[in-house]
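The primary structure of each chain is shown beneath.
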Amino acid sequence: MRIGRIATPLGMAFAVIEGEEDELTAKVIEGTPFTPPKFTGKEFGPGEYRLLAPMLPSKVLAIGRNYADHVAEVFKQSAEHLPPTLFIKPPTAVVGPGAPIKIPEFATNVEFEGELALVISRPCKNVRAADWRQVVLGYTVVNDVSSRDLQFSDGQWARAKGIDTFCPLGPWIEMNLDAIDVTDLPIKARLTHEGTTEVKQDSNSSQMIMSIGEILEFITASITLLPGDVICTGSPAGTAAMVPGDFIEIEVPGVGKLGNPVERA
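None of these values were measured; they are calculated from a predicted model. (Residues numbered from 1 in each chain as written. Predicted model: local features only at pLDDT ≥ 70, side-chain atom pairs only at ≥ 80, totals over all residues. Heavy atoms only, no water.)

Caption draft 1: Looking closely at the overall build of the protein. Helix and strand counts for the protein stand at four helices and 19 strands. Here the C-alpha atoms of the protein give a radius of gyration of 18 Å, agreeing with the 18 Å that 2.2 N^0.38 yields for 265 residues. Along the first, second and third principal axes, the C-alpha atoms of the protein reach 55 × 45 × 30 Å. In the protein, buried positions account for 54% of the 265 residues. Contacts in the protein between residues far apart in sequence, at least 24 positions, make up 70% of those at least 6 positions apart. Here the protein has roughly 11300 Å² of accessible surface; of this, 52% comes from carbon and sulfur atoms. In the protein, the 23 positive side-chain charges and the 34 negative ones have mean positions that sit 6 Å from each other. (Helix = DSSP H or I, 4+ residues; strand = E, 2+ residues; numbered from the N terminus. Rg over C-alpha atoms; globule rule 2.2 N^0.38 Å. Buried < 20%, exposed > 50% of the residue type's maximum accessible area, 1.4 Å probe, protein only. Contact = heavy atoms within 4.5 Å. Areas by Shrake-Rupley, 256 points an atom, 1.4 Å probe, with all protein chains shown as cover. Lys, Arg positive; Asp, Glu negative; His and termini not counted. Charge placed at Lys NZ, Arg CZ, Asp CG, Glu CD.)

As C-alpha cells, then:
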C-alpha cells in the first residue's frame, strides 16, 4: 500500500495512492498513516490533486559515506579510512515531488544524491538491528542535495545539506515492507541538462556498508526517533553537479520516482 500526502481544493490530507504513472488515484483517509487506514469516501483522480512531501518529519537523520564507491568519488579516500557518519537535515529542507530545488548564489557546486529513505512508525530508542522492521512505517525516496563547496569549506555539513529545499522527499510511502528486498534494491538517478537526459547513478542497496538494521541501531543508541522521522540510508556513486534549468529524477524500483526541477533561489 502506498500512502501519500496530497493537496486538493478541499485542503491537505493523507491518501492511499493507487494506479500507475499518469493514472494515479488518491483515496483520502482519516487522520494519519500511523493507524490502520479508514477511507473518508473522498477520491481524486489524475489532475485533481497534487502530491506533497509524504511526511513532515521532526527531523531527517542521514548516514553519510555508506557506499564505498561514493566515499572514493567525493572524499578521495577509502571507506576504511572514512567510515559511515551521521548528520541531520532540518525539516525546513523538505520539499515534495515536482517542487523546485532552489540554489542560492553562495552555493557554487551543488550535487544530487539519490537514496532510499525510511519513515519511522513510532517513538523508539535503543532499537536492536534485528528488530528494525518493528519501527519502520515504510520506504520512500530522498534526494540528499549537497553543496560540495560548503561541505568542504565548513568542515561540518549542516549548512551544505540543510539549505531550504535541499531534501526532496517522495513521491509517497510504500508501506508493504515485505514487497521490497532492501538488500538488493536498484537506485538510479537521471539528470536532464540542456535537453539531454543521462543516467548518473546506477547502483544497488547491496553495496551499503551499514545495513538498515545497523543504521537504526546506531542512530537510536543516541537519538530518540519519533513517528514520521525520516532516515536517509546513504548515496551510492554517480553524484554530479546540477544547475538551474536542470531536472533530476531519482528512482528506486518498487518504491517510486522522485523528480524535481532546479532553479536559482
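Past the structure itself, the notes keep going.
Caption draft 2: Structural detail: the side chain of D246. Tracing the backbone shows D246 in the loop between β17 (230-232) and β18 (247-252). At 9.0 Å, K200 is the nearest oppositely charged side chain to D246, a buried residue that forms no salt bridge. There is a polar contact of 2.6 Å between the side chain of D246 and the side chain of H193. From its side chain, D246 meets the backbone nitrogen of V243 in a polar contact 2.9 Å long. (Salt bridge = Lys/Arg side-chain N within 4 Å of Asp/Glu carboxyl O. Polar contact = N/O pair within 3.5 Å; in protein donor to acceptor, adjacent residues only side chain to side chain.)

Caption draft 3: Here's a closer look at the sheet that holds strand β9 (residues 101-103). In spatial order, the strands read β9-β19-β18-β15-β16; together these five strands make up an open sheet with mixed pairing. Every other strand in the sheet has two partners, leaving β9 and β16 (196-204) as the edge strands with one partner each. Across this sheet, the average inter-strand angle for adjacent strands is 20°, counted without regard to direction. Summarising the sheet, β9 and strand β19 (residues 256-264) pair through three bridges and their orientation is parallel. Each residue of the ladder has a partner; that of I103, found in β19, is R264. (Pairing = 2+ DSSP bridges. Axes fitted to C-alpha atoms, helices over the stretch in contact; angles between N-to-C directions.)

Caption draft 4: Representation of the nonpolar core within the structure. Counting residues in each nonpolar core, the largest one holds 46 residues, and the members touching the most others are L116, Y139, L216, L225, I231, M242 and I248. Contributing elements (two or more residues each) for this core: β6 (60-64), β9, β11 (114-120), β12 (136-143), β15 (186-193), α4 (212-220), β18 and β19. Ignoring anything within four residues of it in the chain, the contact list for Y139 reads L116, A117, L118, W132, W172, I173, E174, L177, I180, V182 and V255. The next biggest cluster of nonpolar side chains, apart from the first, holds 25 residues, and it includes I29, V60, L82 and V142. (Core = buried A, V, L, I, M, F, W, Y, C linked by side-chain atoms within 4.5 Å.)

Caption draft 5: Fine view of the pattern of salt bridges. Per the stated rule, a full pass over the model turns up 16 salt bridges. E113 is the salt-bridge partner of K161, the closest N and O atoms lying 3.4 Å from each other. Pair noted here: K161 is in helix α3 (residues 158-162) and E113 is in the loop between β10 (110-111) and β11, with a separation of 48 residues, a long-range link. Across the pair, exposure class does not vary: K161 and E113 are buried alike. A salt bridge links D154 to R159; its shortest N-O distance comes to 3.0 Å.

Caption draft 6: Spatial organisation of the packing of aromatic side chains. Scanning the model with the defined rule gives one aromatic pair in all. The cationic tip of R2 hangs over the ring face of W172; the distance from NZ or CZ to the ring centre is 4.5 Å. (Phe/Tyr/Trp six-rings, centres within 6.5 Å; stacked < 30°, edge-to-face > 60°. Lys NZ or Arg CZ within 6 Å of the ring centre and 35° of its normal.)

Caption draft 7: Geometry of the UniProt feature "domain: Rv2993c-like N-terminal" (unreviewed entry) in the protein. The UniProt record marks residues 1-54 with the feature "domain: Rv2993c-like N-terminal" (unreviewed entry), using the residue numbering of this structure. Secondary structure over residues 1-54 splits into 0% helix and 54% strand, and the C-alpha atoms at its two ends are 13 Å apart. (UniProt positions renumbered as here; feature names shortened; annotations may be inferred.)

Caption draft 8: A look at the layout of surface pockets. The space that makes up the largest pocket amounts to roughly 470 Å³. Breaking the lining of the largest pocket down by element, the ones donating at least two residues are β14 (167-174), β18 and β19. Looking at the lining of the largest pocket, its residues break down into 10 nonpolar, five polar and eight charged. (1 Å grid on protein atoms, 1.4 Å probe; cavity = no way out; pocket = protein on both sides within 12 Å on 5 of 7 lines; lining within 4 Å. Points joined across faces, edges and corners; volume = space filled by probe spheres on them. Nonpolar A, V, L, I, M, F, W, Y, C, P; charged D, E, K, R; others polar.)

Caption draft 9: Fine view of the state of the cysteines. Scanning the entire structure with this criterion turns up zero disulfides. The closest cysteine sulfur to the non-disulfide-bonded C124 is located on C232, 15 Å from its own sulfur. Relative accessible area serves as the criterion here: at 5%, C124 is assigned to the buried category. In this structure C232 is not part of a disulfide, and its nearest cysteine sulfur, from C167, lies 5.2 Å away. (Disulfide = S-S within 2.5 Å.)

Caption draft 10: Region of the structure containing empty space enclosed by the protein. Across all of its chains, the model carries one cavity of 30 Å³ or more by this definition. Taken as a whole, the largest cavity spans an internal volume of roughly 90 Å³. What lines the largest cavity is a set of 16 residues, and nearest its centre among them are G64, R65, H70, E113 and K161. Of the residues belonging to the lining of the largest cavity, the class tally is four nonpolar, six polar and six charged.

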